[in-house]
Amino acid sequence: MPTSPEPIEAVSQRLDNFLTEQLLYAAALGPEAEMLTRSGASALRGGKRLRARFCLTGWGAVRPSPTGFDDAALAVATSLEIFHAAALVHDDLVDNSDTRRGQPAAHRALQSAHRESGWTGDADTFGRSGAILLGDLLVAWSDDLLEEGLRGSPTADATRRAYAQMRRDVTIGQFLDVAEESAYTVHPDDTHAERALRVASYKSARYSIQQPLQIGAALGGAAHAQSDALGRFGHDVGMAFQLRDDVLGVFGDTAVTGKPVGDDLREGKRTVLVAYAREAVSPQERQAIDRRLGDPALDAEQIGILQRTIVDSGALARTEELIAHYARRADLALTEAPLRADAVEELRALARAATDRAA
């Protein structure tokens, strides 16, 4: 049966229904199970539902005519949002982040719950252990909802293959990101931007946009030419999306992004923005960047110094040019693509929303 034509509203309703079932199940297991399940529900609050929207758009782009979202498409799209929440819980743990979407990160919230409950032992250790398990639970939930959506579907195998590829790629991409914070020292400076783009491709571009589009298209029975066009468009929009994230991670407004100004600098992210800055400055200035980057105690003045270095080196302008390049190439991928015309216009609107944003 078709559901609401508004994707965010429809996905949010599907997610609420799923979480209600999980909370009822956990309540029967006791307060500790309920604590973990409520932490999962909290991790799913907020966000732009970008992956779900691209999944539904990919599904609709290959359909003969617009018919609204059926239950299968909604379930698969919603499962992507649950998987994304799992990735964020683990990502915040790896980065030792305090906040996510303007509220305490999952491991911090679990630490507080341990203290408030008056339990014995180290609250920080409990929070970190609990967050690992919470991420695992969210992955299991995403599988549950995916399989619910694929039950009886003639395109189930193709959809599972696309979903599995996404999971492999983003896991490798996350590790590449972690490794680069240490591995950069043994690679020439002029290769750092290319290596950062590799991380952006696997950690974000494929996962955030390209593969959600292709998962939705696979569910909808896409032909090869349709999946190819969506893939080329999605990868380039995804690259622009991640580069915009890199800019916001250094220059974003905390009130809008929900994260402290310059958080990527404190975390030591070896982004394209940083690589371009290091290429353009003197050896002494490069050493100064390396000394400051990754220091969790950086204060506002030190963040300001790094921000000015990035701007004065031309790295910010160069990154903005690269964002525009990817956005133009993504638009070209849609030219004469064998997709519904209304879907092409929606894809172009989503591309603008993904790249021209403040959060």
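In short, a report on the structure. (Residues numbered from 1 in each chain as written. Predicted model: local features only at pLDDT ≥ 70, side-chain atom pairs only at ≥ 80, totals over all residues. Heavy atoms only, no water.)

Bringing the packing of aromatic side chains into the picture now. Across all of its chains, the model carries 4 aromatic pairs by this definition. Over the ring of Tyr-184 we find Arg-270; its NZ or CZ atom is 3.5 Å from the centre of that ring. (Phe/Tyr/Trp six-rings, centres within 6.5 Å; stacked < 30°, edge-to-face > 60°. Lys NZ or Arg CZ within 6 Å of the ring centre and 35° of its normal.)

What follows covers the pattern of salt bridges. If you walk through the whole model with that rule in mind, you get 28 salt bridges. Where Arg-160 meets Glu-147, a salt bridge forms, and the shortest distance between an N and an O atom there is 2.9 Å. With Arg-160 in helix 7 (residues 156–183) and Glu-147 in helix 6 (residues 123–150), this residue pair connects regions lying 13 residues apart in the sequence. Take Glu-147: its relative accessible area is 33%, and that puts it in the partly exposed class. A network of salt bridges, in which partner residues are shared, links Asp-91, Asp-92, Asp-95, Arg-100, Asp-177, Glu-181, Lys-203 and Lys-269. (Salt bridge = Lys/Arg side-chain N within 4 Å of Asp/Glu carboxyl O. Helix = DSSP H or I, 4+ residues; strand = E, 2+ residues; numbered from the N terminus. Buried < 20%, exposed > 50% of the residue type's maximum accessible area, 1.4 Å probe, protein only.)

Quick look at the environment of Ser-182 now. Its location among the elements puts Ser-182 in helix 7. Look at Ser-182 and you get exposed, because its relative accessible area is 56%. Expressed as a C-alpha distance, the spacing of Ser-182 and Arg-270, which sit 88 residues apart in the sequence, is 9.5 Å.

With respect to the element layout, Asp-98 can be found in the loop between helix 4 (71–95) and strand 1 (99–100). Sequence-wise, Asp-98 and Pro-260 are 162 residues apart; in three dimensions their C-alpha atoms are separated by 9.4 Å. For Asp-98, the contacting residues outside a window of four places in its chain are Gln-103, Pro-104, Ala-105 and Arg-108. In terms of polar contacts, Asp-98 uses its side chain to reach the side chain of Arg-108, at 2.8 Å. (Contact = heavy atoms within 4.5 Å. Polar contact = N/O pair within 3.5 Å; in protein donor to acceptor, adjacent residues only side chain to side chain.)

Our focus in this paragraph is helix 16 (residues 341–355). For helix 16, with 15 residues, the first-to-last C-alpha span of 22 Å sits near the 21 Å given by 1.5 Å per residue. Burial in helix 16 covers these residues: Ala-343, Val-344, Leu-347, Leu-350, Ala-351, Ala-354 and Thr-355. Buried residues in helix 16, looked at end-on, bunch into an arc of 125°, giving them a common side. With respect to the buried face of helix 16, the exposed residues turned more than 90 degrees away are Ala-341 and Arg-352. Its buried side turned inward, helix 16 meets helix 3 (50–61), helix 8 (192–219) and helix 9 (224–251). (Expected span 1.5 Å × (residues − 1). Arc of directions from axis to C-beta.)

Formed by 28 residues in total, the largest nonpolar core has its most connected members in Leu-197, Leu-243, Leu-265, Val-272, Ile-310, Leu-322 and Tyr-326. Listed by contribution, the elements that provide at least two residues to this core are helix 8, helix 9, helix 12 (272–280), helix 14 (300–312) and helix 15 (315–333). Considering every element that reaches this core, the biggest residue donor is helix 12, with 6 residues. Leave out the neighbours within four places in its chain, and Val-272 touches Ala-193, Ala-196, Leu-197, Leu-243, Asp-246, Thr-319 and Leu-322. With 24 residues, the next largest nonpolar core counts Ala-73, Ala-77, Leu-146 and Met-166 among its residues. (Core = buried A, V, L, I, M, F, W, Y, C linked by side-chain atoms within 4.5 Å.)

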